[in-house]
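Chain and residue survey
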Amino acid sequence: MTSPYPSLSEAEARDAADPLREWRDRFVLPEGVIYLDGNSLGALPRATSVLMRDAVDRQWGSGLIRSWNDADWIGAPRRIGDKIAQLIRAAPGEVVVCDSVTVNLYKLMMALLAARPGQDKSILTESGNFPTDLHVAAGVARQHGMTLDALPRDQIADRIGPDTALIVLTHVHYKTGERFDIAGVQALADAHNVPLIWDLSHSVGAVPLDMGSDTARFAVGCGYKYLNGGPGAPGFLYVSAEALEFLGSPIQGWMGHASPFAMTDGYIPAPGIERFLAGTPPMLSLLALEGGIDLMLEADSDALWSKSRALFDFLTQLMAARCPDLAPITPERADQRGSHASFAHPHAWPINRALIEAGVIGDFRTPDVLRLGLTPLYLGFVDLWQAVDRLAAIIDDGRWKRAEFSTMSKVT
Ligand SMILES: Cc1ncc(COP(=O)(O)O)c(C=O)c1O
Ligand SMILES: Nc1c(O)cccc1C(=O)C[C@H](N)C(=O)O
């Protein structure tokens, strides 16, 4: 009788046939750990360790202030932005790397509302969106005397109307992994002439993106997840070239000035996307991010997405057979989801703690979600097979009920 789910030897065969299998060696992965949380904090590329030593010892240590010119530190936000532009299929000069996703969201929302003062009354977003998106939107709405309409995703399309001032949506949902159809929602927003900001935090480096053909004009995104940019890596901000001329940053910092080193009293915004810079860029973090992005640019993006899909199918098949108590909540259809798979269980918290103790790092999202990130560059089929094997053992032997696994930690 054939087994209803793939065997370990099948997993080994899939790894052996994987065109991306060599990539794993380009990351530092701790011995004995299966890492399924690259959607929260990407792994460390080996090249980044080398790069960082150079950045610290040579560029900072020996170059000192000269490195702003000699190592082109000053050009880094735009240079790295242009590299991200390639990943999201935007044009050079449409992306800049700076600040956090949160701050970039704020800058873009404020810029867009300043560009269309009027009687619009509400900002539209999805209820259950990532908290920072909701918090920033609520704050911006309050500052403008507007309301925040946070609605379930199936009600968003119908709500867009003449009183909508701005829409903010996260492309791939951080918890469920559900994915919006950018082109479709963008067309609706355009039909009502409402600006729409996409949060690409769980999309960039994870799913195919094409800002140009989807006619998306505004986006923000994260550097420390699938781009492997390191903890707290700067985020990015995208504004399409034709929209840029109408927008100014609400934070008129000197780095966004047309000539920062002219040191003038008056503020003149930089002609390009650099106008969204505020203060001095965190150079070490930018350089670490550049290491991660260079790696992504070198990888074949079609192969990446094709492997992500294969990993997802493999994982969900194994989970259905071996851990049926964990209910899948991520859409099965590849074009409707990102690169993580989430499962609901009333005891997801202690189960995830027990799983981490067993050497498999996934994460928990309140109230009942076990989230497993699929990062094709450094994850294989055997990893998933073993992860599910350990998870099944944890459920079967009831180990997760031990008191130690119920303790909440500060960061989840
Ligand atoms: C969708 C989404 N937006 C924003 C953020 C937060 O970004 P930051 O902490 O860099 O501001 C995250 C994750 O941290 C996220 O998942
Ligand atoms: N940004 C994080 C952090 O500073 C600590 C722990 C986790 C994070 C995250 O990125 C959370 C993540 N955006 C999520 O999708 O849940």
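What counts, and at which threshold
- Sequence order as written defines the numbering, with residues in each chain counted from 1.
- Note on labels: chains are lettered from A, ligands numbered from 1, in written order.
- In keeping with the model being predicted, local features are shown solely for residues with a pLDDT of at least 70 and side-chain atom pairs are shown and tallied solely at 80 or more, while totals for entire chains, interfaces and linings include all residues.
- Numbering of helices and strands runs from the N terminus, with a helix taken as a DSSP run of H or I at least four residues long and a strand as a DSSP run of E at least two residues long.
- Atoms considered for the radius of gyration are the C-alpha atoms alone. The globule rule reads 2.2 Å times the number of residues to the power 0.38.
- Partly exposed residues are those whose C-beta has more than 12 but fewer than 20 other C-beta atoms within 10 Å; 20 or more makes a residue buried and 12 or fewer makes it exposed, with C-beta atoms placed from the backbone.
- Contact between residues is assigned whenever the C-beta positions, reconstructed from backbone atoms, fall within 7 Å.
- Per the annotation, domain bounds derive from an automatic or database assignment of domains.
- Following DSSP output, two strands are said to pair if at least two bridges run between them.
- Fitted lines through C-alpha atoms give the axes, limited to the stretch in contact for helices. The angle between two N-to-C directions lies from 0 to 180 degrees.

A count of helices and strands for the protein gives 13 helices and 15 strands. The C-alpha radius of gyration computed for the protein amounts to 22 Å, which stays within 12% of the reference 22 Å derived for 412 residues, consistent with globular compactness. Structurally, the protein occupies a C-alpha span of about 75 × 55 × 40 Å along its principal axes. Per-residue burial for the protein yields a buried fraction of 46% across its 412 residues. Counting only contacts in the protein whose residues sit at least 6 apart along the sequence, the fraction spanning at least 24 positions is 71%.

Here we come to the domain arrangement of the protein. In terms of domain boundaries, the protein breaks down into domain 1 (8-44 + 300-406) and domain 2 (72-298). The C-alpha-based centres of domain 1 and domain 2 are spaced at 29 Å. Listed by partner, the interface residues are 23 residues for domain 1 and 20 residues for domain 2. Elements supplying a minimum of two residues to the side of domain 1 that touches domain 2: α11 (301-322), β12 (340-344) and β15 (369-373). If one sorts the elements of the side of domain 1 that touches domain 2 by residue count, β12 sits on top with three residues.

Bringing the sheet that holds strand β14 (residues 363-365) into the picture now. Spatially, β11-β12-β15-β14 is the arrangement adopted by the four strands of the open sheet, whose pairing is antiparallel. With partners counted over all chains shown, the strands left at the sheet margins are β11 (327-328) and β14, one partner each. Bridge analysis of β14 against β15 gives three bridges, and the strand direction is antiparallel. Each bridged residue has a counterpart across the sheet, and for Asp363 the counterpart in β15 is Arg371. With respect to the sheet, α11 is in contact with β11, β12 and β15, its orientation differing from that of β12 by roughly 20°.

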